[in-house]
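A look at the structure
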Amino acid sequence: MGTPSLSPWAVLVLSLVLVGPWAPCVVSRQPNFIVILADDVGWGDLGANWAETKETPHLDQLAAEGTRFVDFHSAASTCSPSRASLLTGRLGVRNGVTHNFAISSLGGLPLNETTLAELLREAGYSTGAIGKWHLGHHGRHHPSSRGFDYYFGIPYSHDMGCTDNPGYNLPPCPPCPQHSTAARVARKDCYTEVALPLYENLTIVQQPVELDSLARRYTEEAARFIQRASDSGRPFFLYLALAHMHVPLTPPLPPALGRGIYGASLGEMDALVGRIKEVADSLGKGSTLLWFTGDNGPWAQKCELAGRLGPFVGAWQRQRGGSSAKQTTWEGGHRVPALVYWPGHVPAGRTSHALLSILDIFPTLVALAGAALPPNRRFDGLDVSPVLFGWSDVGHKVLLHPNSGAAGKVGEIEALRLAQYKAFYTTGGAVACDGSIGPAEQHQPPLVFNLDRDIQEQKPLDVASREYQAVLPAISRAYAQALEDIAADNVSVADYSQDPAAIPCCNVQHVGCRCHGATQGPHMEKRTPRLCL
């Protein structure tokens, strides 16, 4: 758990960052930070992780020039809770975000939670968020009120509204209606009434979003933000939350060989990351830390439009039905790819087996910026600067995995990792490609897997075995201590109430909230905006 003061590691790290272990003089500026968060990406979607994947040459190069973390985990296996944990360093049971927000949500990430952007802005950083937000868009929950100087993106997942070119999804969704007299086509899991909005700061600049050009626009806006921040002479923090690889997929060209639609979309994401790296390097190699990871594992329900798990197939659950990926506490749900690139500071070509989490981004960047963690609350993330710099390969002793929709009460901690052991007090499978759902099962004593021998989570330890009996007391103590720590913390509660008035709408007089200028191209000369009030 974190502490409110600057750790000795942080003091040492900051001195080495600013001075450099061999530098003859002090570098005056703090490092820039770029955090790229992919959506629903599989651990096996990187060629650096999984040899069968051929569509990620830029990410593979990033791994070759930086450090690859192969035991890295999201803090939840669904959208909003994972993102809230990245920006607060705290699990959903602490920060209040335990499940996803809706398009009509009045609330969001609780306002008493301090975001990474707020801390870094106080430390002198220019802060920008580009892409998916999904932490509340109504009132003060909008990213412009949560520490970001600039925002460009979609307030939630890009399947949560209709578009004129819906892209590829399962089931396929109809386009937005063009006229008020058009018959509504009701489809399960499709949003047909309100068009998907695109924001620039507080203004809706396009509704519905043109999905075909979204990747290009995100790349352009990210490059502009980086250039503006560089011109200002201030360090910057860019949080780039991609639409890839969440459905609907909109590959730039008709898919041909290889993995078809998914592979083409993966290649588009890879090129986007390569372009951002190129822009960052243009500022001078070594001035910018780039951290790439994912919010959770693949959405298996989407069949061929879902990513690769690699070896993390959750075989025990698959035998009982349901998916072992997104929304579950199986490795495929929360073990995600992670790369850190920072020339001259983070070793190149290194693979780390340290047990790390998306929770660690918050305290690590705060330490590297020379700032301090907020007081009067506890943190689940660690300052893992020693691991980034290659001085250590030791991460978390214990890592908690909250229920994320497949089984158990959402947000509750009913699975944990202790060294190589994974313990489940509750198991369950999400909806699989074949439509099956694995039943929720309670386990007392817990189901325990040794991941060193059984990365597929296929055969739990025999409760009568010497190994199980030897590790059970330590697991039980770690679990009890974690729950006690959470109960004693300053815990927030998110407002999940909904009101149709909170739905972003560019023009309430037009069907689907359509903007007059929405079809005029990416820069929208003519706009009929609505402020997000």
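An account of the accompanying structure is given in this report. Residue positions are counted from 1 within each chain, in the order its sequence is given. Whole-chain, interface and lining totals are the exception, using all residues; otherwise, since this is a predicted model, local features are given only for residues with pLDDT of at least 70 and side-chain atom pairs are given and counted only at 80 or more. The side-chain values count all of the structure's non-hydrogen atoms but skip hydrogen atoms and water molecules.

Focus: the packing of aromatic side chains
Let me state the cut-off plainly: Only the six-membered ring of Trp is used, alongside the rings of Phe and Tyr, when aromatic pairs are assigned; centres must lie within 6.5 Å, and planes under 30 degrees apart are stacked while those over 60 apart are edge-to-face, with the rest tilted. Runs of E in the DSSP output that reach at least two residues are strands. Runs of H or I that reach at least four are helices, and both are numbered from the N terminus. Buried, partly exposed and exposed residues are distinguished by accessible area as a fraction of the type maximum, computed with a 1.4 Å probe on protein chains only: under 20%, between the cut-offs, and over 50%, respectively. Think of it as a cone above the ring: NZ of Lys or CZ of Arg counts as a charge over the ring if it is within 6 Å of the ring centre and within 35 degrees of the ring normal.
In this structure the tally under the stated criterion is 17 aromatic pairs. Aromatic pair tryptophan 330 and phenylalanine 449: ring centres 5.8 Å apart, planes at 75 degrees, arrangement edge-to-face. You can see tryptophan 330 sitting in the loop between α8 (315-318) and α9 (331-334) and its partner phenylalanine 449 sitting in strand β16 (residues 441-450), a full 119 residues away along the chain. In this pair, the class of tryptophan 330 matches that of phenylalanine 449, namely buried. Over the ring of tyrosine 150 we find arginine 228; its NZ or CZ atom is 4.8 Å from the centre of that ring. When the ring centre of tryptophan 316 is taken as origin, the NZ or CZ atom of arginine 320, which lies over that ring, is 3.7 Å away.

Re the environment of proline 446
Here is the rule: Residue contacts follow a heavy-atom distance rule, with two residues in contact if any of their heavy atoms lie within 4.5 Å.
By the element assignment, proline 446 lies in strand β16. For the pair proline 446 and leucine 472, spaced 26 residues apart in sequence, the C-alpha to C-alpha distance is 8.4 Å. Ignoring anything within four residues of it in the chain, the contact list for proline 446 reads Ala423, Phe424, Tyr425, Tyr468 and Leu472.

Description of the pairing of strand β1 (residues 32-38)
Rules: Strands qualify as paired when DSSP identifies two bridges or more between them.
Within β1, 7 of the 7 residues are buried, which leaves it mostly tucked inside the rest of the structure. As defined by bridge partners, β1 adjoins strand β9 (residues 288-294) across 7 bridges and the pair is classed as parallel. What sits directly across from isoleucine 34, in β9, is leucine 290. As paired elements, β1 and strand β8 (residues 236-241) share 5 bridges and run parallel to each other. Within β8, the position partnered with isoleucine 36 by the bridge is leucine 240.

A short note on the packing of helix α6 (residues 214-232) against helix α7 (residues 260-282)
Here is the rule: Comment: axis = line fitted to C-alpha atoms, over the contacting stretch for helices; angle = value between 0 and 180 degrees taken between N-to-C directions. In what follows, roughly perpendicular refers to angles from 65 to 115 degrees, roughly parallel to angles under 35, roughly antiparallel to angles over 145, and oblique to any angle outside these ranges. Take the far helix as your reference; a near helix turned counterclockwise from it by less than a right angle gives a left-handed crossing, and one turned clockwise gives a right-handed crossing. Ten residues, namely Ala, Val, Leu, Ile, Met, Phe, Trp, Tyr, Cys and Pro, are considered nonpolar, four, namely Asp, Glu, Lys and Arg, are considered charged, and the remaining ones, Gly among them, are considered polar.
It is the contact of α6 with α7, at a shortest axis distance of 10 Å, that shows an interaxial angle of 10 degrees. In terms of their interaxial angle, α6 and α7 are classed as roughly parallel. Both α6 and α7 take part in a crossing whose hand is right-handed. On α7, the residues touching Ala215, Thr219, Ala222, Ala223 and Ile226 of α6 are Glu268, Leu272, Arg275, Ile276 and Val279. By residue class, the composition of the contact of α6 with α7 is 7 nonpolar, 1 polar and 2 charged.

Things to note about unusual backbone geometry
Along the chain, histidine 244 connects to methionine 245 via a cis peptide bond; the corresponding omega equals 5 degrees. In this structure, methionine 245 sits in the loop between β8 and α7. Here the amide bond leading from glutamine 444 into proline 445 is cis, since omega sits at 10 degrees, within 30 degrees of zero. Tracing the sequence through the fold places proline 445 in strand β16. Residues other than glycine seldom take positive phi values, yet aspartate 40 does so here, at roughly 60 degrees.

Describing α6
The line we're drawing: The span expected for a helix works out to 1.5 Å for each residue beyond the first.
Over its 19 residues, α6 runs 27 Å from end to end, which matches the ideal 27 Å to within 8%, given 1.5 Å per residue. Within α6, the full set of buried residues consists of Leu214, Ala215, Arg217, Tyr218, Thr219, Glu221, Ala222, Ala223, Phe225, Ile226 and Ala229. Just downstream of α6 lies glycine 233, where phi reads positive at about 80 degrees.

Describing the sheet that holds strand β4 (residues 126-131)
Reading across the sheet, the 10 strands line up as β7-β6-β5-β4-β8-β1-β9-β10-β2-β11 and stay open at both edges, with mixed pairing between neighbours. In this open sheet, the two strands that pair with only one neighbour each are β7 (203-206) and β11 (350-352). Taken over all neighbouring pairs, the strand axes of this sheet differ in orientation by 20 degrees on average, direction set aside. Inspection of the sheet shows β4 paired to strand β5 (residues 150-153) by 3 bridges, in the parallel sense. Note on β5: the bridge partner recorded for isoleucine 130 is phenylalanine 152. Contacting β2 (67-69), β9 and β10 (338-341), helix α2 (residues 57-65) runs over the sheet at an angle of about 60 degrees to β10. Across the sheet, helix α10 (residues 361-368) lies against β1, β8 and β9, angled at about 180 degrees from β9, the strand it touches most.

Section: the pattern of salt bridges
Let me state the cut-off plainly: Salt bridge, as applied in this entry: a Lys or Arg side-chain nitrogen positioned within 4 Å of an Asp or Glu carboxyl oxygen.
With the rule as written, the count across this model stands at 26 salt bridges. For the salt bridge of arginine 275 with glutamate 278, the shortest nitrogen-to-oxygen distance reads 2.7 Å. Of this pair, arginine 275 and glutamate 278 both sit in helix α7, 3 residues apart, roughly one helical turn. Through salt bridges that share partners, Arg90, Arg94, Glu113, Arg378, Asp380, Asp485 and Asp489 make up one connected network.

Some details on α2
To keep it simple, the criterion reads: This arc describes the spread of directions from the helix axis toward the C-beta atoms.
Burial in α2 covers these residues: Leu59, Leu62 and Ala63. Each buried residue of α2 lies within a common arc of 100 degrees when the element is viewed along its axis, so the set occupies one face.

What to know about the state of the cysteines
Quick note on the threshold: When two cysteine sulfur atoms are found within 2.5 Å, that pair is recorded as a disulfide.
Evaluated as defined, the whole model comprises 5 disulfides. There is a disulfide in this structure between cysteine 162 and cysteine 176, and the S-S distance comes to 2.0 Å. Its torsion about the S-S bond being 105 degrees, the disulfide of cysteine 162 and cysteine 176 is classed as right-handed. Placement of the pair is cysteine 162 in the loop between β5 and β6 (198-200) and cysteine 176 in the loop between β5 and β6, with a sequence separation of 14 residues. As far as the burial class goes, cysteine 162 and cysteine 176 line up, both buried. Residue cysteine 506 pairs covalently with cysteine 515 via a disulfide, S to S 1.8 Å. Taking the sign of the S-S torsion, 110 degrees for the link of cysteine 506 and cysteine 515, the bridge is right-handed. The exposure classification of cysteine 506 matches that of cysteine 515, with both residues buried.

A few points about the nonpolar core
To keep it simple, the criterion reads: Put simply, buried Ala, Val, Leu, Ile, Met, Phe, Trp, Tyr and Cys residues joined by side-chain atoms within 4.5 Å make one nonpolar core.
Phe237, Tyr239, Trp291 and Leu365 are the most contacted members of the largest nonpolar core, which totals 72 residues. Among the elements that make up this core, the one with the highest residue count is helix α12 (residues 466-487) (7 residues). Residues Val247, Met269, Leu272 and Leu305 belong to the second largest nonpolar core, which totals 54 residues.

Thoughts on the packing of α2 against α7
Axis separation between α2 and α7 bottoms out at 7 Å; the angle between their running directions is 45 degrees. Considered as vectors, α2 and α7 are oriented oblique to each other. Facing α2, whose interface residues are Pro57, His58, Leu59, Leu62 and Glu65, α7 presents Met269, Asp270, Ala271, Val273, Gly274 and Lys277. Partitioning the contact of α2 with α7 into residue classes produces 6 nonpolar, 2 polar and 3 charged.

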